Every structure is written in structure tokens, then in C-alpha cells.
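Residue-level listing of the chains:
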Amino acid sequence: MSQKKINLKESQTDRLRSLLNNKEFIPIPSCFDALSAKLIQQANFDVTFMSGFAASASRIGSPDLGLMTFSEVFDQANNICNAIDIPMIVDGDTGYGNAMNVRRTLKECSKAGCAGILIEDQLAPKRCGHTPGKDVVEREEAFDRIRAANDMRNEGYDILIMARTDANHTHGLSEAIARAQKFYELGADILFVEAPKDKEEMTTICKEVPGYKIANIVEGGITPNLPMKELTEIGYKLAVYPLTVMSAAMKAMTSSLNLLFKDEDRSDLLLNFKDLRQRVGFDDYYEISSKYETSKRS
């Protein structure tokens, strides 16, 4: 896994824009830290998404209920961007306040190298889209968040805007679609109508909402886990898988810890040490450092 030469003149936003223009469908496994993002890149995916659910669980060991602060989210996103060469979309939640907070959130995430940012219309503190208790702000506040994001982008902080509405949960599908349509008018690049309950709702969303649509596939969640081919046929351009990587990791960690506690063999659940070192980056480090005499001793 040698180091790739990257074009520093091409921003990650440009790369994501190019993928949207040229790919028929983009599957997006979600990362939660720098290591999981590296594994996603090594598996040859084109894009990753920093899931708020997964990042909150990983970083602070707490559920995605608005407990992570902007500074914690930004630090996590910054670490991820520095670890990978593929575009990363960051979960910006509600923007962490009013329209002025949205402006700052977008600005800082753009400066960190995020290719895209999700901004949603939930009331703060926000909740995971597939859990109970969530509600949305009034239309004008929701629209102001996207206006503010687009204004900041127009001031030079180039980043793609993923506008999400959770209105289907409390106000019905028609209200969710109306909000998504307005988000598109206000400059959003990717439209995210959260938690359609069946294929019929998913089809209606894709027919009535313009622009690029994204499906949120939570295994065991509200939205049907349709095959990618079927999602494409319905009209989705992207699908994010926010918990696949974290859930798989948690299952493997739980199983190996149970075996360790029982002092039983756990080798089938483990990467061999050589592969582990390679995937973390030891081989790349030694290859590069060999060019510098004083680094060989490190």
C-alpha cells in the first residue's frame, strides 16, 4: 500500500463534484475516525462520510443526541481529512446554532479540507434520524440554514452542501419534499430526505425532488435496505451507509473480547500482524523515511 501521488491543485470538493458528474451511483460507507477512513479508502471506495452517530460513539462513547460539540466534530473531521486522499463529507448536524453559526461551521470545515457538509433542519439538540423524539424547526429557520451555508460558499469557501430534512417524521412526506425542493432552489447540491418508510416513499422523493438525491441506509433502521442497483433505478445518485463499518467493528471487538475473557483462541477474528502494520501505515513510513539518513534511527 505505497503512497499515492495526489494532485494538490485539485480540491477534494472538485473531486466530489467530478464523481457526481461522472458516476452513475456512489456508495458511501461512513467512517468514524482516521483509521476507519483509511480502511474505506484501502477498500477502493471513492468517498466517505463522517457519521455523527458513529463519531459520537467512537469519540465520546455516547449516543448521537447532540452531545458532541462543534470543536469535537471539527477535530475529528480534521484528523480524518489529514489521513486520507478521498473526499470526505462531514456531518454538520444543525450547524450548531443559528444561521451565523452555520456560516462558521461551513467555513471551518471547508478550510479543513472537507469536500461536503451535511446541514439539517432538526431542532437542537438533534437526534439520530432513525430514533424517536426528533422534531424540526420552522421552514424559514430551516431555509436560513441553507441560505447561510450557500452564502458562505459564495464568499469563497468551496464545499458541497448536503441539505437534510427530517420533516417526514413529524409533518409527513409532502412537507419533507417541499423543504427539499426549496433547499435545491437555495443552492444545495445533494438532497437528503431522511427516513422514508418504504420503497413507495423513496420513489416519490426521487420523482419530486430535483438534483442529486441520497439514501440513508441504516441496517435495521426505518428505510428499506435496497440493493444499489435498485436504488439507482429509483433515482438515487448516492447512498450513505452510516453504521456498517462501526457495527461490524463493534461486533468483532465484542466477540474477540468475549473469547479473550474466556482465554479461548481468537485468531480467526484478528488481522495478522503484518497486515495490521501495513494497513496502519508502518510500511509506507519506513519506505519514505529510508530516503533520510537521520530518520532511519527513529
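This text follows the structure it describes.
Our subject in this report is the structure included herewith. (Residues numbered from 1 in each chain as written. Predicted model: local features only at pLDDT ≥ 70, side-chain atom pairs only at ≥ 80, totals over all residues. Heavy atoms only, no water.)

Helix and strand content of the protein chain: 13 helices and eight strands. Relative to the compact-globule value of 19 Å for 298 residues, the protein chain shows a C-alpha radius of gyration of 20 Å, a close match. If you line up the protein chain on its principal axes, its C-alpha atoms span 60 × 50 × 35 Å. When each of the 298 residues of the protein chain is scored for burial, the buried share is 45%. Of the contacts formed within the protein chain by residues at least 6 apart in sequence, a portion of 70% connects residues at least 24 apart. By element, 51% of the accessible surface of the protein chain is carried by carbon and sulfur atoms, the whole surface being about 15,000 Å². Side chains of the protein chain carry 37 positive and 43 negative charges; the gap between the two charge centres is 5 Å. (Helix = DSSP H or I, 4+ residues; strand = E, 2+ residues; numbered from the N terminus. Rg over C-alpha atoms; globule rule 2.2 N^0.38 Å. Buried < 20%, exposed > 50% of the residue type's maximum accessible area, 1.4 Å probe, protein only. Contact = heavy atoms within 4.5 Å. Areas by Shrake-Rupley, 256 points an atom, 1.4 Å probe, with all protein chains shown as cover. Lys, Arg positive; Asp, Glu negative; His and termini not counted. Charge placed at Lys NZ, Arg CZ, Asp CG, Glu CD.)

For the rest of this paragraph, the subject is the pattern of salt bridges. For the structure on display, the rule yields 21 salt bridges. The closest approach of N and O atoms between D166 and R164, which form a salt bridge, is 2.8 Å. Since its relative accessible area comes to 1%, D166 is described here as buried. Salt bridges here are not isolated pairs; linked through shared partners, they connect E120, R164, D166 and E194. (Salt bridge = Lys/Arg side-chain N within 4 Å of Asp/Glu carboxyl O.)

Another point: the nonpolar core. Counting residues in hydrophobic clusters, the biggest one holds 55 residues, and the most contacted among them are M50, M88, V90, C114, F183, L231 and Y236. Counting residues per element, this core draws most heavily on helix α6 (residues 139-154), at six residues. Residues contacting M50, with those up to four places away along its chain left out, are C31, A55, V73, Q76, A77, I80, M88, I89, V90 and D91. By size, the runner-up hydrophobic cluster in this structure holds 17 residues, among which are I89, L118, M162 and L238. (Core = buried A, V, L, I, M, F, W, Y, C linked by side-chain atoms within 4.5 Å.)

Let us now look at the sheet that holds strand β3 (residues 88-91). Read around the closed barrel, the eight strands follow the order β1-β2-β3-β4-β5-β6-β7-β8; overall the barrel is parallel. Ignoring which end each strand starts from, the neighbouring axes of this sheet average 25 degrees apart. For β3 and strand β4 (residues 116-120), the ladder comprises three bridges, and the chain directions are parallel. Within β4, the residue paired with V90 across the bridge is I117. (Pairing = 2+ DSSP bridges. Axes fitted to C-alpha atoms, helices over the stretch in contact; angles between N-to-C directions.)

With respect to the secondary-structure elements, R279 resides in helix α12 (residues 273-280). Polar contacts involving the side chain of R279 include one to the side chain of Q42, which spans 2.9 Å. (Polar contact = N/O pair within 3.5 Å; in protein donor to acceptor, adjacent residues only side chain to side chain.)

Structurally, the position occupied by S110 is in helix α5 (residues 99-112). For S110, a relative accessible area of 16% translates into the label buried. Aside from chain neighbours lying at most four places away, what touches S110 is Y157, D158 and I159.

Moving on, we get to the side chain of K237. Within the secondary structure, K237 is located in the loop between α10 (228-234) and β8 (238-241). Buried charged residue K237 carries no salt bridge. Nearest counter-charge: E24, at 8.1 Å. For K237, the side chain forms a polar contact with the main-chain oxygen of L20, separated by 3.1 Å. If near-sequence neighbours (up to four positions away) are discounted, K237 is found in contact with L20, K23, E24, F25, I26, Y212 and K213.

With 14 residues, helix α4 (residues 70-83) extends 20 Å from end C-alpha to end C-alpha; this agrees with the ideal 20 Å at 1.5 Å per step. For α4, the set of buried residues is F70, V73, Q76, A77, I80 and C81. Mapping the buried residues of α4 onto a view down its axis gives an arc of 135 degrees, with all of them on the same face. (Expected span 1.5 Å × (residues − 1). Arc of directions from axis to C-beta.)

Look at α5 against α6: their axes get within 8 Å of each other, and the N-to-C directions meet at 40 degrees. Taken together, the axes of α5 and α6 are oblique relative to one another. The interaxial crossing formed by α5 with α6 has right-handed handedness. Residue-level inspection shows A99, V102, R103, L106 and K107 of α5 in contact with α6, the latter providing D144, R145, A148, A149, D151, M152 and R153. (Parallel < 35°, antiparallel > 145°, perpendicular 65-115°, else oblique. Left-handed = near helix turned anticlockwise from the far one by under 90°.)

Together, D263, E264, D265 and D268 make up a negatively charged patch on the protein surface. In this fold, D263 is placed in the loop between α11 (244-261) and α12. (Patch = residues over 30% accessible without salt bridge, like charges linked within 9 Å, V, L, I, M, F, W, Y side chains within 5 Å.)

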